[in-house]
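Below are the chains, spelled out letter by letter.
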Amino acid sequence: YSYIYHTFSVPNGWNVDHRNPWVWVFCFLAVDFCYYWLHRKCHEYQLLWAGHSVHHSSEHFNLSTALRQSWLQGLLSPIFYLPMALFFHPALYTAVDQANIVYQFWVHTCLVRRLGPLEWVLMTPSHHRVHHDRRVHKNFGGMLIIWDRFFGSFVDEMDAIQQLENTKSTNPSAPQEEVLLFGIAPVVKSWTQVVTQTQLWGPIVRAVKSRAGLFGILRSAYVGPGFITAGAPRTLKPPSGTMPRIRKTSPTTGLCQWYVLIQFMVVVVVGFAVLIAKTAPWILKAPVGLVLMASLYSQGLLLEAQGNLGKNAEIARCAIVVGLIAVLLGVPPSSLPQPLGGAMEVGLIRYPSSSAFLTWTCLALLRCLFCSEPTV
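All values derive from a computational prediction rather than experimental measurement. (Residues numbered from 1 in each chain as written. Predicted model: local features only at pLDDT ≥ 70, side-chain atom pairs only at ≥ 80, totals over all residues. Heavy atoms only, no water.)

**Brief notes about the packing of aromatic side chains**
Phase 1: Overall, the coordinates contain 18 aromatic pairs when judged by the stated rule.
Phase 2: Ring geometry for Phe-33 against Trp-147: centres 5.2 Å apart, planes inclined by 70°, an arrangement best described as edge-to-face. With a gap of 114 residues between them, Phe-33 in helix H3 (residues 21-44) and Trp-147 in helix H8 (residues 146-151) connect regions that are remote in the sequence.
Phase 3: Judged by its relative accessible area of 15%, Trp-147 falls in the buried class.
Phase 4: Pairing Tyr-45 with Tyr-222 gives two aromatic rings, centres 4.7 Å apart and planes at 25°, and the pair type is stacked. Of this pair, Tyr-45 sits in the loop between H3 and helix H4 (46-56) while Tyr-222 sits in helix H12 (residues 213-222), and the two are 177 residues apart along the sequence.
Phase 5: Using a relative accessible area of 42% as the deciding quantity, one classes Tyr-222 as partly exposed.
Phase 6: What links up through ring pairs into an aromatic cluster is the set Phe-33, Tyr-36, Trp-37, Phe-140, Trp-147, Phe-150 and Phe-151.
Phase 7: We note Arg-149 situated over the ring of Phe-154; from NZ or CZ to the ring centre the distance is 4.1 Å. (Phe/Tyr/Trp six-rings, centres within 6.5 Å; stacked < 30°, edge-to-face > 60°. Helix = DSSP H or I, 4+ residues; strand = E, 2+ residues; numbered from the N terminus. Buried < 20%, exposed > 50% of the residue type's maximum accessible area, 1.4 Å probe, protein only. Lys NZ or Arg CZ within 6 Å of the ring centre and 35° of its normal.)

Okay, structure coming up:
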């Protein structure tokens, strides 16, 4: 983006003042417009949907759903914003784009119902609930809903609510979950990140394995679930009473689920610390990142509760972490490679943080050794 801006951009010839409020307004509209088409294409094309579907995989709709993000989409999405580099400074684009992303966090909730006249202009929780219904692929805007209204991809949640009120088949004040089915059409196969991130690559992989030919492979990568429905007229209807809303549940014990929750929160905190520690050496950040990924994987296996697989994986992870920390605490910082040695010479970093992490992993290890899991 920066290369295109500094090499080809129009502002270099027009001397556009990016301190002008109108420039910010146009940049805001451009970011949301580009996001709309990025988001819509992620539903229309299977290659993009294979990544974006991770965000839709939750059958619950709450603020944590907003944190489900795809590995692939993070790599491909910047392409859709590159035309903006001809007009808007990279710093301005980055600021507005991040504001757009932060705004979308709060619309993942069932607690906020309708917001009156704002429903005509803004992407609200009501509109975004429709977007997460697994039966429709509509309402793709980021901060604004006007693009959906203009390009024919808008569906109002009130369509289904009004039908319920007219037929009096249920309580009109019922929560929003009663009129929407969240998640994706196929049932999520696993709690592990690797499977969740790659599950919907299946159609493309199967086309390659079956030697479907170039046309068959391209079609499997091109035609996604919203290929036709995104721009076609649709009416949102209340689901039947026999249609299951939650199809993926964990058979493990409640105690084990609490353990996974606590371990997950620790991973989140440490993960954020790694992300914001930009000056920390990679020789320190990389092992921590690998441990965090291993933690998420073993937590997924624990929720699967398939024999002792999850417990054994968690025991192995904890044992490795305990061993690494014990070695790290016992090795003189001067003998460690730089810049890791310099970082570990700081007592505040070395002893309290390592001791806390060692205690956490020891408790986790004990928990796994003495906690049984149901077998499937």
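**A closer look at a nonpolar patch on the surface**
Phase 1: On the surface, a nonpolar cluster with roughly 450 Å² of combined accessible area is contributed by Tyr-3, Phe-8, Leu-86 and Phe-87.
Phase 2: Exposure remark for Tyr-3: the relative accessible area of 60% places this residue in the exposed category. (Patch = residues over 30% accessible without salt bridge, like charges linked within 9 Å, V, L, I, M, F, W, Y side chains within 5 Å. Areas by Shrake-Rupley, 256 points an atom, 1.4 Å probe, with all protein chains shown as cover. Salt bridge = Lys/Arg side-chain N within 4 Å of Asp/Glu carboxyl O.)

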